[in-house]
Structures are given as structure tokens and as C-alpha cells.
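Structural overview
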Amino acid sequence: MSNKMWGGRFSSGPDAIMEDINASIDFDRHLYRQDIAASKAHADMLAKQGIIGADDARKIAHGLDTILSEIDGGSFSFKRALEDIHMNVESRLAELIGAPAGRLHTARSRNDQVATDFKLWTRDQIDALDAALKDYQRALAEKALAHAATIMPGFTHLQTAQPVTFGHHLLAYVEMAARDRGRFADARKRLNESPLGSGALAGTSFGLDRAMTAKALGFDRPTANSLDAVSDRDFAMETLAAASIAAVHLSRFAEEIVIWSSPLSGLIRLSDKFTTGSSMMPQKRNPDAAELVRAKTGRIIGALNGLMIVMKGLPLAYAKDMQEDKEGVMDALEALTLSIAAMTGMVRDMEPDSARMKKMAGEGYTTATDLADWLVQTLKMPFRDAHHVAGRIVARAAEQNVPLHRLPLADLQAIEPKITDDVFSVLSVVNSVKSRTSYGGTAPKNVRMQAKRWLRLLDKAAK
């Protein structure tokens, strides 16, 4: 038997394999709220324009509300033979209200319908992700404020480089999350045009008011080109691109949590809330939440790659290939949402080992740059010369197996006679971080200022 929704030209039904490959209801059922909202807006507009009767529009709206309640309540029966969410809803609508249901699809194609639904769903996801990222920023900023003066080693090449503060390190991720939110906001702004009313590809001869449906659905305007409207998936790719970058940021932090919580470094502790044990080794405390965040990044980036490969060879306008657009996006954004929640939880849960952090911050001659800066500022030495002198002093300290601030003044003066005992004021890690007062630097007063600034901004955005 042919499909009653589109099978007028067909004398028999599709093969079972054709039904399997053609069906999308297993994942596009997640669009049900958006599909029903768009259908209600379309029916209202058709009635206002005199294209369908007002009584039919009321019946359609009531039927759609009933279907929404059924799906929310778990009593709706999704049928794979009906392929997708649109036809499942329309079929059930016909069962509920009869002939008026057939008028709903007037001046509409599944092509503009799915583009509209998918945009609405993606917009909702962006809004939810923005809220989640904002909560993540707040957790970071609060922890940074609490540890504005907690000294830790700063790294380049994963080698100790200069002392920084734990709060300063955490604020770096606040800045990353701010850029992530900005990218999502940009994507949202560009997607916020309504495809509804574009038809299959060429528009329609009916006198639609596309501005009315756009406004009803919260879009800024209707799309200006029907061909582009039904074939555009830029909004999904751009959202995935923003999601991929955000996931990379989370993954970098997750990697640091794995390193920091290892007994080899022991810089932080995670509680039982975000660690697991071993089935064989009783002593183990594994940072599995961080490791899984790190791993999920691959799925998110893979979804972006997958969609771009689907779209790269498609001529205008719609092609069935585009049915492969939603599953990867839905999986990726769900993974990102979970990753943000896990990272937010770990930030609030983690506790630094302040004493160990401070000890490690002083290892590896991390105040050598402070020594070079002192030579420049006090002895007016060119920086390249100062760098060379500081390097020789580090070599001398390494020979004697002592930190820089324990090296006798005589040894310092043997390399540079003009050095005075004032140099020791800059060689401790405490004084090192205090001295980094340039804008954006790690000085505790800077960190407090930036953490408070971010908390004010986040509070303001919440109002």
C-alpha cells in the first residue's frame, strides 16, 4: 500500500529496507514541540489570510494541543511507517479532527517545515547551552576569587615556567567560556530567520503573511530566498563549530584535572562525587568524569565533520541527504550539555592542595625571569644580557642543588658583581606573583578584581 501522505503517484508501497533507510522518526521525534508550534503558527496565518476557514484553524489548534499533551504524557504512538515527526503529527491530527487536518499542509512543504523545526530546536539548544556556560563561568569565578592568592606553578610545554595563582588559572577558562558564549550568540543571531512559507523550493502562489509566522515563532524576519531557505544548514554547522570549540576548551581543562589529580602532581583533590574506583585495585580513585569529558569532544567534532561532508556536494535545493543533518547535531549538543554540567560540578568540587602547589611553584627555578627583570630594572642591563646572566646564575644554583633564593650572595656576585642583596626580594614565589601587576597579570589583586568583575557581569546578565 502506498503512503497516503505522499503516495498518490505510487501504486504500491516501499520495500521494508526502503522504509528503514527513509525513516527519521527515531531521532526527529525530538522536534515535536517545535513542529507543533510551527504548525499552529502556520494555521493561524492561513486563517488570517482567508486561505482556510477560522473554524478549521480552531480545530487544528485544538488537535495539535491534544497531540502535544499526548506526547508529553507518553501516550502518543510514533509509527516508523509514517517516516518522520511531521507525518506522525499530521496523521494523528487527522484521526482527531478529520478533514480539517488535511488543510494544515496548504502552502507548506516538509522541506520548509523541517528547516523551520530544526532552526527552532537549535535555537532552544543554544539558549540552554548559554545558560549552562554561564553557570560554569560562575563556578570558575567563585573558585578563582576564593583562591586569588593561592600560588601554583604555571606551565609552558608542561614544564614549570613561572609562578601564577590558582585563581588566575581558573579565570583563563572563564575567558574561554565567554568567547564560546559569544560564538553561540552569533550563530543564534544568524539562524533567526524563518523558512516557513518557502514551500518545497520555489515559494507558493498563496497569499501568505510570512512576517506573521516569523513573528509568532520568535524569528527576526522571514528568509529572503526560498531556495536557500529549504537547503540551508549553515545554522547547524555553525552551531556545531561553536560547540566543537567549546568542547575543546572543556577538554583542555579536563586534561589538566586529570594531571592535577594524579598522585604524581597532587595539586588538587576530587571527592567521591566525580571519581570512580577500580574493580580490581582497591586504592584507585580515577578522574573518570574528566576523562569522559575529554573523550566526548571527539564525538562533537566528529558531528561537525560529518555534517559538513554531507552538505559539501549537494546542489540546490533540498536532497534527502539532508535528513542526516539532525542525528549528529542532537547527539553532539547533548554530549556538550552533559560535559558542561560535569565540568561545572568538578570545579565546585575540586580542592587545591595549597601547600603542595606553592612548593611546586618554586621548583625548576621559576623565578629566573624575575631575576632577569631585576637586573634590567635595577642595574639597567639590556634584557638579552640580563637573560644570559640569569641563565648562568640558574646553572650555578643547579650545580649546588639549591633554589635561587638560597644561593649565597657571593655566588651571585661572582657572576655579576653589581648584584646586591635587594635581589632576594624578587626571588620568592610570593613576591613573584605579587609583582605581576600588569593588566591581565597573575597578581592576587588583579585576580580578585577580575573575579569580582566577572561575578558582577554574570549577576547583571541574570536580571
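Residues numbered from 1 in each chain as written. Predicted model: local features only at pLDDT ≥ 70, side-chain atom pairs only at ≥ 80, totals over all residues. Heavy atoms only, no water.

Glancing now at helix α4 (residues 54-73). Since the α-helix advances by 3.6 residues per turn, residues separated by three or four positions end up pointing in the same direction. Across its 20 residues, α4 extends 29 Å between first and last C-alpha, which sits within 8% of the 28 Å expected from 1.5 Å per residue. Along α4, the residues classified as buried are Asp-56, Ala-57, Ile-60, Ala-61, Gly-63, Leu-64, Ile-67, Glu-70 and Ile-71. Buried residues belonging to α4 abut α3 (32-48) and α5 (85-97). (Helix = DSSP H or I, 4+ residues; strand = E, 2+ residues; numbered from the N terminus. Expected span 1.5 Å × (residues − 1). Buried < 20%, exposed > 50% of the residue type's maximum accessible area, 1.4 Å probe, protein only. Contact = heavy atoms within 4.5 Å.)

As a further point, take the packing of aromatic side chains. What the rule picks out here adds up to six aromatic pairs. For the ring pair Phe-118 and Phe-235, a centre distance of 5.4 Å and an interplane angle of 75° mean the geometry is edge-to-face. One end of the pair, Phe-118, is in helix α6 (residues 110-146); the other, Phe-235, is in helix α10 (residues 234-261), with 117 residues separating them in the sequence. The class for Phe-235 is buried, based on a relative accessible area of 3%. Judged by centre distance (5.9 Å) and plane angle (65°), the ring pair of Phe-166 and Trp-260 falls under edge-to-face. In this pair, Phe-166 is assigned in helix α7 (residues 166-191) and Trp-260 in helix α10, connecting sequence segments 94 residues apart. Neither residue differs from the other here; Phe-166 and Trp-260 are each classed as buried. (Phe/Tyr/Trp six-rings, centres within 6.5 Å; stacked < 30°, edge-to-face > 60°.)

The grouping of Leu-201, Leu-227 and Leu-316 at the surface amounts to a nonpolar patch, some 270 Å² of accessible area in total. As for its position among the elements, Leu-201 is in the loop between β3 (193-194) and α8 (210-216). (Patch = residues over 30% accessible without salt bridge, like charges linked within 9 Å, V, L, I, M, F, W, Y side chains within 5 Å. Areas by Shrake-Rupley, 256 points an atom, 1.4 Å probe, with all protein chains shown as cover. Salt bridge = Lys/Arg side-chain N within 4 Å of Asp/Glu carboxyl O.)

With that settled, consider the pattern of salt bridges. Taken as a whole and assessed by the stated rule, the structure comprises 31 salt bridges. Arg-58 is paired through a salt bridge with Asp-55; the nearest N and O atoms lie 3.7 Å apart. Of the two residues, Arg-58 and Asp-55 both sit in helix α4, three residues apart, roughly one turn of that helix. Among the ionic pairs, Arg-110 bridges to Asp-84, the shortest N-O distance being 2.8 Å. Here Asp-84 lies in the loop between α4 and α5 and Arg-110 lies in helix α6, a separation of 26 residues in the sequence. Classification of Arg-110 as partly exposed rests on a relative accessible area of 24%. Salt bridges linked by common partners bring Glu-70, Lys-79, Arg-92 and Glu-95 together as one network.

What follows concerns the packing of α6 against α7. Their axes nearest at 9 Å, the elements α6 and α7 cross at an angle of 165°. The angle between α6 and α7 places the two elements in the roughly antiparallel class. Relative to α7, the crossing made by α6 is left-handed. Of the residues belonging to the contact of α6 with α7, the class tally is 17 nonpolar, three polar and nine charged. (Axes fitted to C-alpha atoms, helices over the stretch in contact; angles between N-to-C directions. Parallel < 35°, antiparallel > 145°, perpendicular 65-115°, else oblique. Left-handed = near helix turned anticlockwise from the far one by under 90°. Nonpolar A, V, L, I, M, F, W, Y, C, P; charged D, E, K, R; others polar.)

With respect to the helices and strands, Asp-112 occurs in helix α6. Here Asp-112 sits buried without a salt bridge, and the closest side chain of opposite charge, Arg-108, lies 5.8 Å off (N-O distance). Within the local environment of Asp-112, its side chain forms a polar contact with the backbone nitrogen of Ser-109, the two atoms lying 2.8 Å apart. (Lys, Arg positive; Asp, Glu negative; His and termini not counted. Polar contact = N/O pair within 3.5 Å; in protein donor to acceptor, adjacent residues only side chain to side chain.)

Tyr-136, Phe-184, Phe-253, Ile-257, Leu-336, Met-343 and Met-346 are the most contacted members of the largest nonpolar core, which has 91 residues in total. Top element by residues in this core is α10. It accounts for 14 residues. Not counting residues within four places of it along the chain, the set of residues in contact with Tyr-136 comprises Tyr-173, Ala-177, Leu-250, Phe-253, Ile-340, Met-343, Thr-344 and Val-347. (Core = buried A, V, L, I, M, F, W, Y, C linked by side-chain atoms within 4.5 Å.)

On to unusual backbone geometry, then. Omega for the peptide link from Leu-316 to Ala-317 comes to 10°, which places this bond in the cis form. Tracing the backbone through its elements, the reader meets Ala-317 in the loop between α11 (288-311) and α12 (326-349). Residues other than glycine seldom take positive phi values, yet Tyr-365 does so here, at roughly 60°. With respect to the element layout, Tyr-365 can be found in the loop between α13 (354-361) and α14 (368-379).

What follows concerns the pairing of strand β1 (residues 151-156). Relative to strand β2 (residues 159-165), β1 runs antiparallel, the two being bridged by six bridges. Counterpart to Ile-151 in the pairing with β2 is Thr-165. (Pairing = 2+ DSSP bridges.)

Between α7 and α10, the shortest axis-to-axis distance is 8 Å and the interhelical angle comes to 170°. In this view, α7 runs roughly antiparallel relative to α10, as classed from their interaxial angle. By crossing handedness, the relation of α7 to α10 is classed as left-handed. Looking at the contact of α7 with α10, its residues break down into 14 nonpolar, three polar and eight charged.

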